[in-house]
Amino acid sequence: MAQTQTTATAVARPAITAFSWKSAGIAIGALIVFDVLINVYERLYAFSKGLDYTSADYETYWMGMLFAELVLEAVTAAALWGWLWMTRDRALERLSPAEELKRYWALGLFVLTYTYAAYAGASYFTEQDGTWHQTVIRDTDFTPSHVIEFYQSYPIYIIFGVGSLVYAMTRLPQFAKAFSLPYAILVGSPLMIFPNVGLNEFGHTRWFMEELFVAPLHWGFVTFGWGTLAILGTWLQICPRVMALINHVYYGKPIQSPVEVMKDPSSSCDPAACAAGAM
Amino acid sequence: MQYSQVDAEARAVARKFDWVVILSTFLVLIAGFHVHQMLVAGDWSFWVDWKDRNWWPIVAPIMEITFPAAVQAVLWTKFRMPIGATLCCLGLLFGEWMNRYINFNGWTHYPLNFVFPETFIPQAVVLDIVLMLTGNWIVTALVGGELWGWLFYPSNWPMIAPFHLPVEYQGSLMSLADVINYMYVRTSTPEYLRIVETGTMRSFAGGVTGVAAFFSAFVSVCMYVPWWLMGAHFFGSTKFFKTYEAAPVEARQH
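In this text, all values refer to a predicted model and were calculated from it rather than measured experimentally. (Residues numbered from 1 in each chain as written. Chains lettered and ligands numbered in written order. Predicted model: local features only at pLDDT ≥ 70, side-chain atom pairs only at ≥ 80, totals over all residues. Heavy atoms only, no water.)

Our focus in this paragraph is the overall build of chain B. Each helix and strand counted, chain B has twelve helices and three strands in total. Taking 18 Å as the expected radius of gyration for a compact globule of 254 residues, we find that chain B reaches 23 Å, considerably beyond that expectation. Along the first, second and third principal axes, the C-alpha atoms of chain B reach 80 × 45 × 40 Å. The proportion of buried residues among the 254 residues of chain B is 53%. Sequence-distant contacts, at least 24 apart, represent 71% of the contacts inside chain B between residues at least 6 apart. (Helix = DSSP H or I, 4+ residues; strand = E, 2+ residues; numbered from the N terminus. Rg over C-alpha atoms; globule rule 2.2 N^0.38 Å. Buried < 20%, exposed > 50% of the residue type's maximum accessible area, 1.4 Å probe, protein only. Contact = heavy atoms within 4.5 Å.)

Across its full length, chain A holds eleven helices and one strand. Its helices and strands taken in sequence order, chain A reads α-α-α-α-α-β-α-α-α-α-α-α from the N to the C terminus. In chain A, buried positions account for 56% of the 279 residues. Here the contacts in chain A between residues at least 6 apart in sequence split such that 80% fall between residues at least 24 apart. Just so you have it, chain A exposes about 11,100 Å², and 69% of that area is on carbon and sulfur atoms. Across chain A, 16 positive and 22 negative side-chain charges occur, with their mean positions spaced 17 Å apart. (Areas by Shrake-Rupley, 256 points an atom, 1.4 Å probe, with all protein chains shown as cover. Lys, Arg positive; Asp, Glu negative; His and termini not counted. Charge placed at Lys NZ, Arg CZ, Asp CG, Glu CD.)

Take empty space enclosed by the protein next. Picture a little ball the size of a water molecule; that probe, rolled over the atoms, points out where space is still empty. Under the defined criterion, the tally for this structure stands at four cavities of 30 Å³ or more. Roughly 90 Å³ of volume is contained in the largest cavity. Those elements giving two or more residues to the lining of the largest cavity turn out to be α3 (97-135), α4 (144-171) and α7 (193-206) of chain A together with α1 (2-40) of chain B. For the lining of the largest cavity, the element with the most residues is α4(A), which contributes four residues. A per-class count over the lining of the largest cavity returns six nonpolar, six polar and four charged. Each pocket or cavity is described by its volume, and for the second largest cavity that value is around 60 Å³. (1 Å grid on protein atoms, 1.4 Å probe; cavity = no way out; pocket = protein on both sides within 12 Å on 5 of 7 lines; lining within 4 Å. Points joined across faces, edges and corners; volume = space filled by probe spheres on them. Nonpolar A, V, L, I, M, F, W, Y, C, P; charged D, E, K, R; others polar.)

Looking now at the interface of chain A and chain B. Contacts between chain A and chain B engage 81 residues on the former and 77 residues on the latter. Buried area between chain A and chain B, summed over both chains or domains, comes out near 7,000 Å², and the portion from carbon and sulfur atoms is 71%. Looking at the side of chain A facing chain B, the largest losses of area belong to A:E127, A:Q134 and A:L229, adding up to 11% of the total buried there. Counting across the chain A and chain B interface gives two salt bridges. Put simply, chain A and chain B have 26 residue pairs in polar contact (both at pLDDT 80 or more) between them. Elements with a minimum of two residues in the side of chain A that touches chain B: α1 (22-49), α3, α5 (173-176), β1 (178-180), α6 (181-191), α8 (219-225), α9 (231-251) and α11 (272-276) of chain A. The dominant element in the side of chain A that touches chain B, judged by the number of residues it contributes, is α3(A), at 23 residues. (Buried area = accessible area lost by both parts, 1.4 Å probe. Salt bridge = Lys/Arg side-chain N within 4 Å of Asp/Glu carboxyl O. Polar contact = N/O pair within 3.5 Å; in protein donor to acceptor, adjacent residues only side chain to side chain.)

Let us look at the pairing of strand β1 (residues 166-169) of chain B. Residue and element names in this part refer to chain B. Note: β1 against strand β2 (residues 172-175), four bridges, orientation antiparallel. Residue Y169 lies in a different strand from β2, and its bridge partner there is S172. From the end of β1 to the start of β2, which pair antiparallel, there are two residues, and Q170 there has a positive phi angle of about 50 degrees. (Pairing = 2+ DSSP bridges.)

Below, the discussion takes up the side chain of A:E100. Along the chain, A:E100 turns up in helix α3. With a relative accessible area of 1%, A:E100 lands in the buried category.

Residue and element names in this part refer to chain A. Across all of its chains, the model carries 13 salt bridges over all chains by this definition. As a salt-bridge pair, D57 and K49 come within 3.7 Å of each other at their nearest N and O atoms. A relative accessible area of 34% means that D57 is categorised as partly exposed. Residue classification places K49 among the partly exposed residues on the basis of a relative accessible area of 23%. For R138, the salt bridge goes to D141, with nearest N and O atoms at 3.7 Å.

This part takes up the packing of aromatic side chains. Under the definition given, this model contains 49 aromatic pairs over all chains. For the pair B:W137 and B:W228, a centre-to-centre distance of 5.4 Å together with 5 degrees between the ring planes defines the contact as stacked. Of this pair, B:W137 sits in helix α8 (residues 137-160) while B:W228 sits in helix α11 (residues 207-235), and the two are 91 residues apart along the sequence. For B:W228, a relative accessible area of 4% corresponds to the buried category. Ring-pair connections join several aromatic residues into one group, and the members of that group are A:Y114, A:F142, A:F150, A:Y151, A:Y154, A:Y157, A:F194 and A:F221. We note A:R171 situated over the ring of A:W83; from NZ or CZ to the ring centre the distance is 5.8 Å. The ring centre of B:W47 lies 4.4 Å from the NZ or CZ of B:R186, which sits over that ring. (Phe/Tyr/Trp six-rings, centres within 6.5 Å; stacked < 30°, edge-to-face > 60°. Lys NZ or Arg CZ within 6 Å of the ring centre and 35° of its normal.)

If you check α4(A), its first and last C-alpha atoms are 39 Å apart, about what 28 residues at 1.5 Å a residue would give, namely 40 Å. Of all 28 residues in α4(A), 27 are buried; the element is thus mostly enclosed. (Expected span 1.5 Å × (residues − 1).)

What follows covers the environment of B:L39. Checked against the element boundaries, B:L39 lands in helix α1. Setting aside residues no more than four positions away along its own chain, B:L39 makes contact with A:F213, A:V214, A:H218, A:W219, A:F221 and A:V222.

Moving on: helix α4 (residues 66-79) of chain B. All names here are of chain B. Relative to the 20 Å expected for 14 residues at 1.5 Å per residue, α4 spans 20 Å between its end C-alpha atoms, a close match to the ideal helical length. Burial in α4 covers these residues: T66, F67, P68, A69, A70, V71, Q72, A73, V74, L75 and W76. Trailing α4 by a residue or two, R80 shows a phi angle of about 55 degrees, which is positive.

This paragraph deals with the confidence of the model for chain B. Residue and element names in this part refer to chain B. Looking at chain B, the pLDDT average stands at 91 and 91% of residues meet or exceed 70. Ranking the elements of chain B by mean pLDDT puts helix α12 (residues 249-252) last, at 68, and helix α7 (residues 121-134) first, at 98. Note on the complex model: pTM 0.93, ipTM 0.92. (pLDDT = per-residue confidence, 0-100.)

Here we come to the side chain of B:K51. All names here are of chain B. You can see K51 is positioned in the loop between α2 (42-46) and α3 (56-64). Buried and unpaired, K51 has E118 as its nearest opposite-charge partner, separated by 4.7 Å. At 3.1 Å, the side chain of K51 and the backbone oxygen of F116 are in polar contact. Not counting chain neighbours up to four residues away, the residues in contact with K51 comprise W44, S45, F46, W56, F116, P117, E118, I160 and H164.

Next up, the structure:
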């Protein structure tokens, strides 16, 4: 079906400084520093205080950390997601192209931060847990490596992933009135790795003490990890709209209005435009 | 003059978006591919003694052609970029080395030559080249998938060959990798004894590797097809589900 297109002859351009890496640099830099410090903490206290679940030291150094991080994560998630929702744009139909382009940049940095956190959780800390389990026989589900991996690194990427999705749904016409299948998978599928910890720990508690990493008990993590591939579909939705916005803002080419995008978001993401629009 | 400045700004903004897409895709593919790999073939990757002639050439290739096929499906069909497999395997190798070096070696002090990961880079380059030359994913599945399975063991052989040298230890004939294994008893040691170098055909010595690679290549072909389709039609989908509010009136009445 042919789409109505609007043309603007005089379009405000955002300042080039609007497309700064600063916020992502701060967020990812902070996460890297935090991850390094966590590694230092593990090296200091995992083998020295984390081998006997019944000891007082374990309670202090590891269970104390577990409870503290769970509270902090819940508060951070509620604050971030709540703030994003409460400050949502209630007049998206009047969104200017320049502002929309800046918001896509912010979303890109949000997604980039999420992907770093996902890398740290699903790749680095998950195989680090393998390092621990290949070396130590567990006497609890809350091993030092689990306190870091399951209950810290996974919630961190969930906070950023869901946060980015809420940002998109509250500030961008493309995601405001429709639910993106790939974006939902990109965020929701790795998110489900965290609840799957319940199955994993129950299995290890009930019938599977050893740490054969390829054991079927672990395959829930695998299936949910596949969802990361949905970043391909997510960018295929976003890139054509970003290209259209750049072409409109900088070259004055026609573009669909926010109202039209909200009415039929599929029309704004012709994948061919991503390749054909190369500048 | 004015146009040139606008053009330069537009290009700069577009390039910045390019980098966001490239970096985020690379990072999240490491996350997904690595968690997949370590939990379906990880034990063979962690330890040199697990890198045997029988199971390793089967398990590792057939489980790791998955992400490359799915990413190829999008990067090739949408962008004509024949780098999907190499991108995935490069990311996987990065994720593996980060942990092997910092944690297996740096934290729990296993020697690096005991815990180095396998490489899929040569097979990935071949898979990408087959797709680029043929432009056809079915041919890539048939030819590239076969090569993926066949090439895995020989391309890793230079790294593992020294550990397959026979030695006599306490009156028994074993490989150097076995000796290292018995020096470093791990929680996976019981599984090693149950799984690695077992089976009725191992008495044929080197012959078992060819059979394993043959089988591996066959299954790699079979795995490539569904993963290409999932990449193209599910993970690479641009589907939107409309909310009730945004749906047409006639749709709401049903």
